[in-house]
Structure formats: C-alpha cells, structure tokens
Amino acid sequence: MALDVAWAQTWVRRTAEVIAENRDELIELDRQIGDGDHGENMKRGFTAVVAKLDGLEAPPEQVGDVLKLVATTLMSTVGGAAGPLYGTAYLRAAKVAGLAELDGPAVVAVLEAALEGIVARGKATTGEKTMVDAWTPAVNAAQEASGNGSSPAAVLDVAAAAAEAGATATIPMLATKGRASYLGERSIGHQDPGATSTALILRAAADTAAA
Amino acid sequence: MTAGVALVLVSHSADVAAGTAEIAGQMAPDVLLLPAGGIPEGIGTSVDRVMAAVEEGLQTCPGGVVVMTDLGSAVLTTDLVLEMVDDAERVKVPRAPFVEGAVAAAVAAQQGGDLAAVEAAALEAGVSFAPEGAAAPEASDEVDAAGQDGQVTALVTLRNPLGLHARTAAQVARAVADAGVPVRIEGVDGASVLALMALGTTGGQEITVSATGPDAQSAVDTVVALVEGGFGEV
Ligand SMILES: [Mg+2]
C-alpha cells in the first residue's frame, strides 16, 4: 500500500500486535542480560499508543502526526531506557515526515532521523550490543535500496532484513552500554533485546507496506 | 523558608527516591527535596514524574535544580526532560552515587550554596565514596599497553594550584567526551569527573595524557591545551 497516513496507523497497530506477541521473548532476552522489563515496558507503551489512536477525534493529516503521537506516548509510558530512546527516535522521525505520503527517499530520511535520535540520546555507537546495531545496518540498507530506485515498500523490506541480521549479530558482542554492561563478559552469547524490538518494529513497517 | 537550590531525586524505585529524600531532609530541613521515583506500575523512570518535579523545583527555587539519578534510564529520562523544559540551564545533573550525592548536595544547599556549589558537593561525595586512589570503574588496562598502534601520549604540567578538582575535572571530562575519543589521564578514564578528581592531583604535578586510534592526536592536544591554559585559575 502507499505509505500514507492510513499506512502509518496500520504500521503502529501492527507493531503493537507483534510486540504483544513477542512480549515473553523480549522479557526473556532482557532477563538474560538486563532487568527483564523490556517486553512488558514495550507492550505497555504500544498498548497506550493504540488507545491514543483509538481516541483521536480527527484523523491525523500527515505521517509525522502519527509518529509524534507514538513518540510522546512512549516517552511517558514505557518507563525503561527504551522510552527515551524510542521516544526520541519517533520524535526525530516525525520531524522529517511532515508529509501526506512517504516515497523511497522520505523513508530513508525517516530511518536516518530515528537513528540519529537514538545515538544522540543513548550516546552509543555500533558494536556495543544495543539497538544501534540494528538501526545502523537498516539505515545503510535503506540508503542503498533507495539509491537504486527501489519502491518505498522494498526499501522498508531490506531495512527490516538488515535490522534482523543486525539483531542476530549482537549475540557475540560484549555489552558496554546500559544495564547489560554490568555483566561484562557474561553479556556475550545473548541477543540484545533493544536490537530485537527494533527488528520487530521495522518488520511490521515492511509487512504492512507490502500488504 | 526554602533554600535557593532544589534537589530532584530520580530513582527507578519510588521507595528509594522517597527514602533518600527522608535521609537528606534530616540534614537539610529547609531544602526542597522532590522525589521522582518509579512509574505507576512499579519499577522504572517516568518522564511525567521527573518533568513535574523539575518544573516545581524551578518555579519554587530561584537558584535552580540539581537532579540526582540512579541507573542508566534515569539519566536518559532526565536528559529528555531537560530538552523539554524552558530553563534547562538552571538544572544540573551530576554523575555521583545516588544517596551520598543527594545528602552532600542537600547539605550544600542548606548552607546556602549556589547551583555550582551544590553540584560540586554531589561530585565530591562520589570521590570520598570511592576507595583511596581508586581508578574509574570503567578503567581497564587495555589502553595502557605501551607501544600499541597509533597511541599518542603527552606529558603536561598542571599550572593551576588546585589541579583537577571538581570544576576543572568537569571541564576536562567534557572536552574528552566532546572529542569522542577515549583519553586516559594518569591511567584513568579522562571522561569521568569522579576518576579525575580521585587522582588527587595538585598544581605543579606532571600528568600523562594518552589516547589511541584515529583523532587520538587532536583529542590529546585538546586536553593538553586546557591544562596549559590553567583553566582560568592562573
Ligand atoms: Mg530492561
């Protein structure tokens, strides 16, 4: 489908579904190297987002309006580090999505802005076993696909695939940021929950765009 | 009467924030202590609670607000709030142990200290909390290996009488953080205010500054220039 405001809402609702479906897995991943709250925090956040969407009196006009609603809701409901991180990501993304519909380059701009927001907030770089390790390859893949003239849906598809590969690639990494860094060497061998939820979010974007 | 600087206590636990306010309040009865702990569902940090506390502190206390944080997401949440408040330059967020820092900061505020003095008190509490001569928690040996590829090392003499105390250590740590390159000073993490203060340096002392990798030279140069400039205290 066209990446318009209707799609943005469908994406967000689909994200809430997949986060709920994967709540237990995210909790288990976070329990291994963190405090075990990521699945519940993300589920609470996206449940609140859906409630906000349901309660809207007038439909949003721009994709950015939907992303901004996600940002402010996650910031005030998630409660863990993911709240400020994803909140900032969606907020920065909203700023470049003041459009009725996203084309390929606009999708790239949204992903780039989200990554910049996460890096600015979390001060993490690649290789530190964080969500940056999923977002960075996603942005790189999207840039390349868009440069080759791919459709917006195809751009999202390669971004999601790269984020999934990036999340898997966090398994052998040593955590040096966040709660997992307290574990030192014992953080090796576990997949990062933030990188995992990033892959779920981008896969939801790609799947709803392809529908 | 309310003292000029307020304290906001951001913990993952509402009980820890409230309990810390209680402890600090014993020694600082006139200081506005604002616990901002937990989320409605339990453990976590809430943008709404931190925002409300910071705004109340700013409105009530002309001297500003010092925010104490416990773990990682408390810092992220506070950073986010500071991006949204109008008066963020009147807010300081020292990286210091939560309870010790809160008590020291509260006492400084009770004694009429200004924003910088209250912030410095929290930072100094962290130093006295650390074992004597302790390096930064994140200090590791790997960067210290001599002869490593691309390592840049410089020797520089501290010109200001007090060496790396709270204010000057903070300047160095900020410059190192801005450089984006890990810099080690006397073997400790140059981006850590607490580690730099724990060195206990004094004026006239020679210190080693080293970094590795791309941009190592410019990062070391930046630190050397700061030290040679005497931090405006010469
Ligand atoms: Mg967690």
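Residues numbered from 1 in each chain as written. Chains lettered and ligands numbered in written order. Predicted model: local features only at pLDDT ≥ 70, side-chain atom pairs only at ≥ 80, totals over all residues. Heavy atoms only, no water.

Caption draft 1: Structural view of the packing of aromatic side chains. All names here are of chain A. As enumerated under the stated definition, the model contains 3 aromatic pairs over all chains in all. Taking the centre distance of 6.2 Å and the plane angle of 35 degrees together, the rings of Trp11 and Tyr90 count as tilted. Taken together, the positions of Trp11 in helix H1 (residues 5–21) and Tyr90 in helix H5 (residues 82–95) put the pair 79 residues apart, joining distant regions of the chain. Both residues of the pair, Trp11 and Tyr90, count as buried. Grouping aromatic residues by their ring pairs yields a cluster made of Trp7, Trp11, Phe46 and Tyr90. (Phe/Tyr/Trp six-rings, centres within 6.5 Å; stacked < 30°, edge-to-face > 60°. Helix = DSSP H or I, 4+ residues; strand = E, 2+ residues; numbered from the N terminus. Buried < 20%, exposed > 50% of the residue type's maximum accessible area, 1.4 Å probe, protein only.)

Caption draft 2: Region of interest: the sheet that holds strand S3 (residues 64–69) of chain B. Residues and elements named next belong to chain B. With parallel pairing, 4 strands are arranged side by side in an open sheet as S2-S1-S3-S4. With partners counted over all chains shown, the strands left at the sheet margins are strand S2 (33–35) and strand S4 (91–92), one partner each. Here S3 runs beside S4; their pairing, made up of 2 bridges, is parallel. Note that in S4 the partner of Val66 across the bridge is Lys92. Of the strands in this sheet, strand S1 (5–10), S3 and S4 touch helix H3 (residues 72–84), which is tilted by about 155 degrees from S3. Packing against the sheet, helix H4 (residues 98–110) makes contact with S1, S2 and S3, and its axis sits at approximately 170 degrees to S1. (Pairing = 2+ DSSP bridges. Contact = heavy atoms within 4.5 Å. Axes fitted to C-alpha atoms, helices over the stretch in contact; angles between N-to-C directions.)

Caption draft 3: Structural view of the interface of chain B and chain A. At the interface, 14 residues of chain B touch 14 residues of chain A. Between chain B and chain A, roughly 1,200 Å² of surface is buried when both sides are summed, and carbon and sulfur atoms account for 57% of that area. When the area that chain B buries against chain A is broken down by residue, the three leading residues are Leu71, Leu76 and Leu80 of chain B, summing to 39%. Viewed at the interface, chain A and chain B are joined by 2 salt bridges. (Buried area = accessible area lost by both parts, 1.4 Å probe. Salt bridge = Lys/Arg side-chain N within 4 Å of Asp/Glu carboxyl O.)

Shape descriptors only; they carry no functional weight alone.
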